[in-house]
Amino acid sequence: MRQARADEYAEFAAARTGQLYRSACLLTAGDTHLAEDLVQETLGRLYVRWGRVARADNPAAYAQTVLTRAFLAHQRRRSSGERVVDVVPERAVGAGADVTLRLTLLQALGRLPAKDRAVLVLRYWEDRSVEETAGAMNASSAAVRTRCVRALGRLRELLGEDIGEYARP
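Residues numbered from 1 in each chain as written. Predicted model: local features only at pLDDT ≥ 70, side-chain atom pairs only at ≥ 80, totals over all residues. Heavy atoms only, no water.

Student: What exactly am I supposed to notice about the overall build of the protein here?
Tutor: The number of helices and strands found in the protein is 9 helices and 0 strands. Along the protein, helices (α) and strands (β) appear in the sequence α-α-α-α-α-α-α-α-α when read from the amino end. A burial count over the protein gives 38% of its 169 residues as buried. Partitioning the intrachain contacts of the protein with sequence separation of at least 6 by distance along the chain shows that 66% fall at a separation of at least 24. Total accessible area on the protein stands at roughly 10,600 Å², and carbon and sulfur atoms take up 50% of it. (Helix = DSSP H or I, 4+ residues; strand = E, 2+ residues; numbered from the N terminus. Buried < 20%, exposed > 50% of the residue type's maximum accessible area, 1.4 Å probe, protein only. Contact = heavy atoms within 4.5 Å. Areas by Shrake-Rupley, 256 points an atom, 1.4 Å probe, with all protein chains shown as cover.)

Student: What is the right way to read the pattern of salt bridges from this model?
Tutor: Tallied over the entire structure, the rule returns 3 salt bridges. One salt bridge in this structure joins arginine 154 and glutamate 157, with 3.3 Å as the shortest N-O distance. A residue pair is termed a helical-turn pair when its members lie 3 or 4 positions apart in one helix, as arginine 154 and glutamate 157 do in helix α8 (residues 141-159) at 3 residues. A relative accessible area of 32% means that arginine 154 is categorised as partly exposed. (Salt bridge = Lys/Arg side-chain N within 4 Å of Asp/Glu carboxyl O.)

Everything listed here is a matter of geometry and, on its own, says nothing about what the molecule does.
Now the structure itself:
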């Protein structure tokens, strides 16, 4: 029985790690090292509770919630001496990818408070409902709606009035 659960967990982790990493990169505004740490912490927490997680209606959403809460907890306990760097490590980019758009959005996300980033990633990257986002963030639906409006407004301020030019092909 234990081996079957371990195999089931390994299969789940292999299938979800990429998505969790992409979400973590957005949450951390491109800090790939912190994103890797958050994904590892998330997978560790899931492993410990795998019996309960496997029985959940949506284990993938559960994993995303654990990731978001790990990110928010990290932001709360982060040392004031730590500073986010604005230098993105060099890495290969797929053909046709808009590097300028990606970097501009990551920089703008990086200038938002952690909870604003989390609400935008959950609502618009993960395509979660207000209620699901509220559950993941331990907040009320009204707080999520308010934070979402304010975060989008702040993002528009950071990107400027010509935000449409970033979306052009």
